[in-house]
Amino acid sequence: MTNSDSLIEIIISRYKHILLGILIITIPLFYYFLQQKHVNQIDIYFDEDSPELLFYKRFQETYGNEELLAIAFSEEDIFTKANIDIIRSITNTIKGIDGVQRVFSLTEVEEAVGYDDTISFKKIIPEEMIAENKLHEIRDDVLENNLLINSLISRDGGTTAILAEIQPLIQKEKREVLKNIVRTIDHICSDKVEIHYTGIPYTELEMSKLSIRDFITFTPIILLCIFIIITIMLKNFSLSILSQFNLLVIFVWGIGFFIFCGESFNIVTIIMGAILLAIAIADTIHLLSHYKDNYQIIDNDHSLIVENTVKQIWLPCFYTSITTAIGFFSFILSSIRPVKILGVFTSISVLIAFFITMTFLPAMLLIFHKNNWLNTLEDKAFKPSNNNNNSPLMKIFWVIGSFVINHDRIIGISTIVIIGLSIIGISKIKFETNTINYLPEKNKLRMDVEFIDNKLGGTIPFAMLIQAKSSDCDFTHPASLNLINDIQNYMMSNIVHFSTSFSIADYCKEINRAFNNGNEKYYRIPKERSDIVDFYEIGDSEILDRVIAPDFMEARISFQSVWDTNETASRYEKLIFDYLTAKLGQNFSYKMTGLSSLYLTMEENLKYSQIKSFLLAFVLIFIMMFFVCKTISLTVISMIANIFPIASILGIMGWYNIPMDVSTIMIASVTLGIAVDDTIHFLTWFKRNMSTRGEIKSALLNTYKDVGKPIVITSLVLFLGFFILILGSLKPTHFFGVLTAFAMLLALIGDLVILPSLLIIFKPKIQLKNQLKISSH
């Protein structure tokens, strides 16, 4: 008797203790299950020690945060008393909301005005009552100010924006501030104007709202689908109920442990629950399917039925759980933190699922049967049948097996052709990390972003920091400021997606003009260093702090950009690199940061993460498959069958222009980790049949009969479990769900069609338990 057999016998004999222990542990985990949080800030995509994130945080500490909320509306003419009153009312009201740091709007903008040797700042729109004949003058002044165009006012004067800067807050506090702002503005505007919102804080709030909705949607639908499929396939209502109990315990343990470890959900990790349910059912199906078969063979000893069932299936289920866990654990190499967290905790949850299924489910079978709660076990679905081999499903398997046996070479050639076409498609895959593009076209936030992009030219911040290498060329020198001015002009001329820009050069030009009585020819950088130093002393500290470092060794150029693809951003990044490398020379360096820069970094991380994760998964799973197959030749054949669905799905992504993003990046490793599960079951039973039959074709036909049904059931459940993600709110979730679902069907083809044909073509050596090597060579 092996150690595993002894352990199984202990589990069966002490099933009441097992049941009680698992239920006791479930109680605190259920408490943590209820403490879920949803966070979608930009920094969740980076490790805490990420150089890009650390630099971005230093940038925010130096120049102020980028937590800007844009509030915009359009009218035929913004410069009417009624519209200015709306702007002023919104501005003054939200300035008083706790958590709002400062507000920028047309009614807050000040312009420099010179008086002899001094300047003062006055509001461009006065606070006192404005006469009708003055509105046209104000309109002309505003529209002539290039610093306001596409920032606070559209070029045609028909759209305005109020920008609210939010204090750095935790997610919950930020959510309350945004709700207060929206509630307040709705009260002010009523039916006067249609308000559009965008900006980083609002995007985070929307993503969190959608991820909560998705979690609530996915779980009950997947559980219902699983219940229906198992009831139909096993033809037993009681076993279906037990499978649901088992799944719920697994679900609570997996999610509860995730929350216990201090993690929160986001647009990536929100799919963990759906994935866990879809995967966890596989072991349950195999256990209940073989339990049902054993029930027809063994009479009057229910404990022996359960014991034999666990002994039969624990090892292949253990291997499948390990390979699935490896597929997810490979994301530990990902540079995208949510992907890494999803991988690690899903892999742990898969192992938890195996443990619970091999202990809790047998214990429930025993206690329910003992208390006559499984009366339907005695129904005709469990009675021995001499016609089982003539059932419709068995006939289908016989047809599939016969086709494969008689057309093995055609199948092999077709597989090569499909993989070849897939490789061409894979070369066309693009990457996408722009979260706005993740939203459905009819989503309110996305429509508001498109509105503001069209009217004002975008609200995505992009920051460029120019650093002087010595005090001899710091930004108190006219030449250094002229350098900033040249860079700024070049960027605005050559990057069409930049709508506005602002720098210390603009501010100095504005003050210089004011000192010279508003003469436009003095809208330039002063020629004397002393003038620049004076400007820094008399300038508005709130503005200066946002454009230049306290030691004057670093200057910030701020750009506003529309939301666009990362492909476009990457092209611009190269243009910027080529220009600044030539322009800055030996005395200056530069660094790009801001939200746009972080998205580009994420794209690079996605590319390397996919390669590293898949290679790790492939190597580890290859090793695991070798333990199952025992020979290199059989291991290679099994991996070819499992590469087929991955190559096909990635090829489809390339051919149909489906981008690789924070969710679809996981498809290859996830598919490999799950697809090998049924391969393991197929090969385990194939080897058993080879040991009794010794002939490949006969052993294959018998293997279809032995494991065809549970393989089909698990594949269908996995297909539906992933396909349900199409109900998610975000495009990455849609694509990940649908593509992974069809990958499960392709994996089924790989196991039932491609794998058997490869076995027939290559006739690998097979090492059996009795050490007899069988070969058809």
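For the structure, see preceding data.
Conventions we followed
- Residues numbered from 1 in each chain as written.
- Predicted model: local features only at pLDDT ≥ 70, side-chain atom pairs only at ≥ 80, totals over all residues.
- Heavy atoms only, no water.
- Core = buried A, V, L, I, M, F, W, Y, C linked by side-chain atoms within 4.5 Å.
- Buried < 20%, exposed > 50% of the residue type's maximum accessible area, 1.4 Å probe, protein only.
- Helix = DSSP H or I, 4+ residues; strand = E, 2+ residues; numbered from the N terminus.
- Contact = heavy atoms within 4.5 Å.
- Phe/Tyr/Trp six-rings, centres within 6.5 Å; stacked < 30°, edge-to-face > 60°.
- Lys NZ or Arg CZ within 6 Å of the ring centre and 35° of its normal.
- Salt bridge = Lys/Arg side-chain N within 4 Å of Asp/Glu carboxyl O.
- Pairing = 2+ DSSP bridges.
- Axes fitted to C-alpha atoms, helices over the stretch in contact; angles between N-to-C directions.

A.B. asks: I would appreciate a short explanation of the nonpolar core in the present structure.
C.D. replies: A general trend in soluble globular proteins is that nonpolar side chains are found buried together. Y45, I94, L106, I181, M666 and F722 are the most contacted members of the largest nonpolar core, which has 218 residues in total. The dominant element in this core, judged by the number of residues it contributes, is helix α11 (residues 337-370), at 19 residues. Residues contacting I181, with those up to four places away along its chain left out, are L69, I71, I94, I97, V100 and I166. Judged by nonpolar contacts, the second largest core, of 38 residues, contains M464, I466, Y507 and A555.

A.B. asks: I keep staring at the packing of aromatic side chains and nothing clicks. Help me out?
C.D. replies: Each aromatic ring pair is characterised by the separation of its centres together with the angle its planes make. Applying the stated criterion to the full structure yields 34 aromatic pairs. Aromatic side chains Y32 and F260 sit 5.1 Å apart centroid to centroid with 80 degrees between the ring planes, which places their arrangement in the edge-to-face category. Pair noted here: Y32 is in helix α2 (residues 15-33) and F260 is in helix α8 (residues 237-260), with a separation of 228 residues, a long-range link. Since its relative accessible area comes to 28%, Y32 is described here as partly exposed. The partly exposed category is assigned to F260, whose relative accessible area is 47%. For the pair F462 and F498, a centre-to-centre distance of 5.3 Å together with 40 degrees between the ring planes defines the contact as tilted. Taken together, the residues span a long stretch of sequence, with F462 in strand β7 (residues 460-468) and F498 in strand β8 (residues 498-502) at a distance of 36 residues. In textbook terms, an aromatic cluster arises when at least three aromatic residues are bridged by ring pairs, as seen for F30, F33, F215, F251, F257, F258, F265 and F345. Of note, R688 hangs over the ring of W685, and the distance from its end group to the ring centre comes to 4.5 Å.

A.B. asks: Explain the pattern of salt bridges here, please?
C.D. replies: A side chain with one charge may pair with a side chain of the opposite charge, provided their charged atoms come close. Enumeration over the complete set of coordinates arrives at 21 salt bridges. K311 serves as the salt-bridge partner of E9, at 3.2 Å between the closest nitrogen and oxygen. Note that E9 is positioned in helix α1 (residues 3-13) and K311 in helix α10 (residues 302-329), a separation of 302 residues in sequence. Given the relative accessible area of 27%, E9 is considered partly exposed. A salt bridge links D578 to K574; the shortest N-O distance between them is 2.9 Å. In this pair, D578 and K574 are both assigned in helix α19 (residues 566-584), four residues apart and thus about one turn of the helix distant. Within the structure, one salt-bridge network assembled from shared partners comprises K95, E108, K123 and E127.

A.B. asks: Looking at this structure, how should I read the sheet that holds strand β2 (residues 100-104)?
C.D. replies: The strands making up a sheet associate through backbone hydrogen bonding, with each pair oriented either parallel or antiparallel. Pairing is antiparallel across the open sheet formed by four strands, whose spatial order is β2-β5-β1-β6. For this open sheet the edge positions go to β2 and β6 (196-199), each flanked by a neighbour on one side alone. Geometrically, the sheet is characterised by an average inter-axis angle of 25 degrees between neighbouring strands, direction not taken into account. This element, helix α7 (residues 200-234), spans β1 (68-74), β5 (159-166) and β6 of the sheet and lies at about 95 degrees to β6.

Don't take any of this as a statement about function, it's just geometry.
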